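What follows is the residue order along each chain.
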Amino acid sequence: MSALTAAHDLAVTLASASESGGGGEHESNGSSLNPYFVGGSTLFILLLLLFITTRFNRDR
């Protein structure tokens with residue numbers, strides 16, 4: 001399974017979960033993503049990609 005397929009599956013899962021909640025954009029009792037978790041995960045992924053990019057850079 002490629003990373004693109006895994007990202008697509010995650011996006012479909014998140015989209016179907018948000019559609020099944022109904023009620024619109026602002027739900028009082030719906031579950032939401034923790035912004036600190038999302039930001040931390042994004043930072044980790046970007047730093048990991050930076051590490052991988054600099055590790056495999058064989059130009060010099």
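Structure's up top.
So, how was this worked out
Residues numbered from 1 in each chain as written. Predicted model: local features only at pLDDT ≥ 70, side-chain atom pairs only at ≥ 80, totals over all residues. Heavy atoms only, no water. Helix = DSSP H or I, 4+ residues; strand = E, 2+ residues; numbered from the N terminus. Buried < 20%, exposed > 50% of the residue type's maximum accessible area, 1.4 Å probe, protein only. Areas by Shrake-Rupley, 256 points an atom, 1.4 Å probe, with all protein chains shown as cover. Expected span 1.5 Å × (residues − 1). Polar contact = N/O pair within 3.5 Å; in protein donor to acceptor, adjacent residues only side chain to side chain. Patch = residues over 30% accessible without salt bridge, like charges linked within 9 Å, V, L, I, M, F, W, Y side chains within 5 Å. Salt bridge = Lys/Arg side-chain N within 4 Å of Asp/Glu carboxyl O.

Draft legend 1. Region of interest: the overall build of the protein chain. For the protein chain, the helix and strand inventory stands at 2 helices and 0 strands. Burial status across the protein chain gives 0% buried among its 60 residues. Carbon and sulfur atoms form 64% of the exposed surface of the protein chain, whose accessible area is close to 5,800 Å².

Draft legend 2. Broad picture of helix α2 (residues 35-55). A rise of 1.5 Å per residue sets the reference length of α2, with its 21 residues, at 30 Å; its end C-alpha atoms lie 30 Å apart and thus fit the reference within 8%. Between the side-chain oxygen of the N-cap and the backbone nitrogen of Tyr36 there are 3.2 Å, and the N-cap of α2 in question is Asn34.

Draft legend 3. View of a nonpolar patch on the surface. On the surface, Phe44, Ile45, Leu46, Leu48, Leu49, Phe51, Ile52 and Phe56 cluster together to form a nonpolar patch covering roughly 840 Å² of accessible area. Structurally, the position occupied by Phe56 is in the segment after α2. A relative accessible area of 60% places Phe56 in the exposed class.

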